[in-house]
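# Geometric and topological summary
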Amino acid sequence: MVDALGVAVVGFGWMGRVHTQAYARLPHHYPHLPLRPELVAVAEDVPGRAEEAAERYGFATATRDWREVAADPRVRAVSVTAPNFLHREIGVAMARAGKHIWIEKPVGLSGEDARAVADAVAEAGVRSAVGFNYRNAPAVETARDLIASGGIGRVTHARVRLFSDYAAHPDGALTWRYERDRGGSGVLGDLASHGADLAYFLLGDIASLAADTAVFVPERSRPTGATAGHTLAAGGERGPVENEDYVSCLLRFASGARGVLEACRVSVGEQNNYGFEVHGTEGAVFWDFRRMNELRVGRGGTYQDQPVSTVYVGPGDGEFAAFQPGAANAMGYDDLKVIEAYRFLRSVAEGKPYGATLADAVRAAAVLDAMAVSAESRGWVDLPVR
């Protein structure tokens, strides 16, 4: 018996499309899921965009006002894929309206915003999911299992990197992403939030940190119309970039391990260079998002000159079997969002959490807040450890 679950998407830029496509693919990859998403409503304030989405993907209703979604009794679950500055207002309203929410990171502009949404979800008794998609890669889950089992010994140090060039062009439009009031902490919220989640997912609580930040492209041109993605806007009125292009951070984990987290949105020559290296007393494990289905693993007890092998994930790793029948068949980015959608709907169906939730968003937001404080004070900042 499969029940229909009315879903809505609020905000229809690239990420809204990705969520919508993930819902549509769920029955193909997870035919035994007891809930089947039904595309009820799409909300987007850019004129014509919601109607276009409804026509293309089959939403029953299109609106420019997300409040109509909150009031719609047909909608039981909502994807919040609007800009960061709207996350808190929309997330709290949807939870109070009794909707389960799948919300993109960083869940607002601060830890306070993330906690407000988390509190609303807890008070309403609804389920949540958060868009920390990189932890869903089967290779990442396999690396976590290897680390937890002691397969590389006791972890000594690690590095998490997220380098991209999406903002490297000097003619990149001065959109909401570069404004403190609407985009928050720049690359901290956009990329370093993923890094904070990966660090926690792999290695546990961060006890303290010291960070440095910088803005390398200080001015951009204001766009003259609606934008989507990372639009160019040469020749327009110039305005200041108010938030960070770059962050580097030293980490001390509760386990005693040390780490480095580095993120940059203006790295010329880098396209989605995301990954990690984790070193232990007996081995090491390495992952590169651009080779998403591979791990490089060094272990064997030789220590000095120990070889590193490439391991291809397969049907026994994470959710790989839902997509491919054998090792070394490639999965892609959108597949990670299908896994996220599956875990969200499974949480709704079973009434318990699967995958990243708002508790993970609150934890990552606390790390980002601490980074900002550290960069301002030029000192170490302690974080609460469970």
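Residues numbered from 1 in each chain as written. Predicted model: local features only at pLDDT ≥ 70, side-chain atom pairs only at ≥ 80, totals over all residues. Heavy atoms only, no water.

## Considerations on the pairing of strand S11 (residues 246–253)
Which entries qualify depends on this criterion: By this definition, two strands are paired if DSSP reports at least two bridges between them. Put simply, DSSP H or I for four residues or longer makes a helix, DSSP E for two residues or longer makes a strand, and each gets a number counted from the N terminus.
As defined by bridge partners, strand S8 (residues 206–214) adjoins S11 across eight bridges and the pair is classed as antiparallel. For Leu 209, the partnering residue across the bridge sits in S11 and is Leu 251. Pairing analysis gives seven bridges linking S11 to strand S12 (residues 258–264), with the strands arranged antiparallel. Considered in S12, the bridge of Leu 251 is made with Gly 259. What sits between S11 and S12 in their antiparallel hairpin is a turn of four residues, with Gly 256 showing a positive phi close to 100°.

## Let's talk about helix H2 (residues 49–57)
Quick reminder of the rule: Note on classification: 1.4 Å probe, protein chains only; a residue is buried when its accessible area is under 20% of the maximum for its type, exposed when over 50%, partly exposed between these limits. It is the directions from the helix axis to the C-beta atoms that the arc portrays. In this analysis, two residues are considered to be in contact whenever any of their non-hydrogen atoms come within 4.5 Å of each other.
Every buried residue belonging to H2 is among Arg 49, Ala 50, Ala 53 and Ala 54, and all of these are buried. Across the axial projection of H2, the buried residues extend over an arc of 140°, all falling on one side. Opposite the packed face of H2, turned more than 90 degrees from it, sit the exposed residues Glu 52, Glu 55 and Arg 56. Its buried side turned inward, H2 meets strand S2 (35–43) and strand S3 (61–63).

## Some points on the packing of helix H5 (residues 111–124) against helix H10 (residues 358–377)
When two helices pack together, their arrangement is given by the angle between the helix axes and the distance between those axes. The condition that has to hold: In this analysis, axes come from line fits to C-alpha atoms, helices being fitted only over the stretch in contact, and the angle between any two N-to-C directions falls in the range 0 to 180 degrees. Oblique is the label for every angle not falling under 35 degrees (roughly parallel), over 145 degrees (roughly antiparallel), or within 65 to 115 degrees (roughly perpendicular). Should the near helix be turned anticlockwise from the far one by less than a right angle, the crossing is left-handed, and should it be turned clockwise, the crossing is right-handed.
Between H5 and H10, the least distance of the axes is 8 Å, while the angle of their chain directions is 165°. Taken together, the axes of H5 and H10 are roughly antiparallel relative to one another. In the packing of H5 onto H10, the handedness of the crossing is left-handed. In contact with Gly 111, Glu 112, Ala 114, Arg 115, Val 117, Ala 118 and Val 121 of H5, H10 contributes Leu 358, Ala 361, Val 362, Ala 365 and Asp 369.

## Re the sheet that holds S2
Judged by pairing direction, the sheet is parallel, and its six strands sit side by side in the order S3-S2-S1-S4-S5-S6 without closing on themselves. Every interior strand has two partners, whereas the edge strands, S3 and strand S6 (128–130), have only one. The average angle at which neighbouring strand axes cross in this sheet is 25°, direction not considered. Bridge analysis of strand S1 (residues 3–10) against strand S4 (residues 77–80) gives four bridges, and the strand direction is parallel. What sits directly across from Val 7, in S4, is Ala 77. Of the strands in this sheet, S1, S4 and strand S5 (100–103) are in contact with helix H4 (residues 87–96), which crosses S5 at around 160°. Contacts from helix H9 (residues 333–350) reach S1, S2, S4, S5 and S6, with the element oriented near 160° to S5.

## Some thoughts on the pattern of salt bridges
Heads up, the rule is: Whenever a carboxyl oxygen of Asp or Glu lies within 4 Å of a side-chain nitrogen of Lys or Arg, that contact is scored as a salt bridge.
The final tally for this structure, using the stated rule, is 27 salt bridges. Across the pair Arg 135 and Asp 197 runs a salt bridge whose closest N-O atoms are separated by 2.8 Å. Here Asp 197 lies in helix H8 (residues 187–203) and Arg 135 lies in the loop between S6 and helix H6 (138–148), a separation of 62 residues in the sequence. The buried category is assigned to Arg 135, whose relative accessible area is 8%. By relative accessible area, Asp 197 is classed as buried at 3%. Among the salt bridges present, the one from Glu 277 reaches Arg 159, with a minimum N-O distance of 3.7 Å. Note that Glu 277 is positioned in strand S13 (residues 273–280) and Arg 159 in strand S7 (residues 155–163), a separation of 118 residues in sequence. Given a relative accessible area of 30%, Arg 159 falls into the partly exposed group. Among the ionic contacts, a cluster of salt bridges with common partners joins Arg 159, Arg 161, Glu 262, Glu 277, Asp 288 and Arg 290.

## Looking at the packing of aromatic side chains
Selection criterion: Between rings of Phe, Tyr and Trp, where Trp is taken as its six-membered ring, a pair exists when centres lie within 6.5 Å; planes separated by under 30 degrees are stacked, by over 60 edge-to-face, and by other angles tilted. Note on geometry: a ring has a charge over it if NZ (lysine) or CZ (arginine) is within 6 Å of the ring centre and within 35 degrees of the ring normal.
Taken as a whole, this structure holds 15 aromatic pairs when the rule is applied. Measuring from centroid to centroid gives 5.6 Å for Trp 14 and Tyr 333, while their planes differ by 25°, and the two rings are stacked. With Trp 14 in helix H1 (residues 14–29) and Tyr 333 in helix H9, the pair connects residues that are 319 residues apart, well separated along the chain. A residue is classified by how much of its surface remains accessible, and Tyr 333, at 17% relative accessible area, is buried. Grouping aromatic residues by their ring pairs yields a cluster made of Trp 14, Tyr 134, Tyr 274, Phe 276, Trp 287, Phe 289 and Tyr 333. For the cation-ring pair, Arg 220 lies above Tyr 178, with the distance from its terminal atom to the ring centre recorded as 4.4 Å.

## Some thoughts on the sheet that holds S11
Spatially, the nine strands line up as an open sheet ordered S16-S15-S14-S13-S7-S12-S11-S8-S17, and their pairing is mixed. Two strands close off the open sheet at either side, each with one partner strand: strand S16 (309–312) and strand S17 (381–382). Lying on the sheet, H6 is in contact with S7, S13, strand S14 (283–288) and strand S15 (294–299); it crosses S15 at an angle near 20°. Strands in contact with H8 are S7, S8, S11, S12 and S13; relative to S12, the strand with the most contacts, it is inclined by about 155°.

## A look at the pairing of S4
Where a strand is regular, its side chains alternate between the two sheet faces. With burial as the criterion, each face of S4 is covered, one bearing Ala 77 and Ser 79 and the other bearing Val 78 and Val 80. Relative to S5, S4 is paired through four bridges, and the arrangement is parallel. By the bridge assignment, Ser 79 is partnered in S5 with Trp 102.

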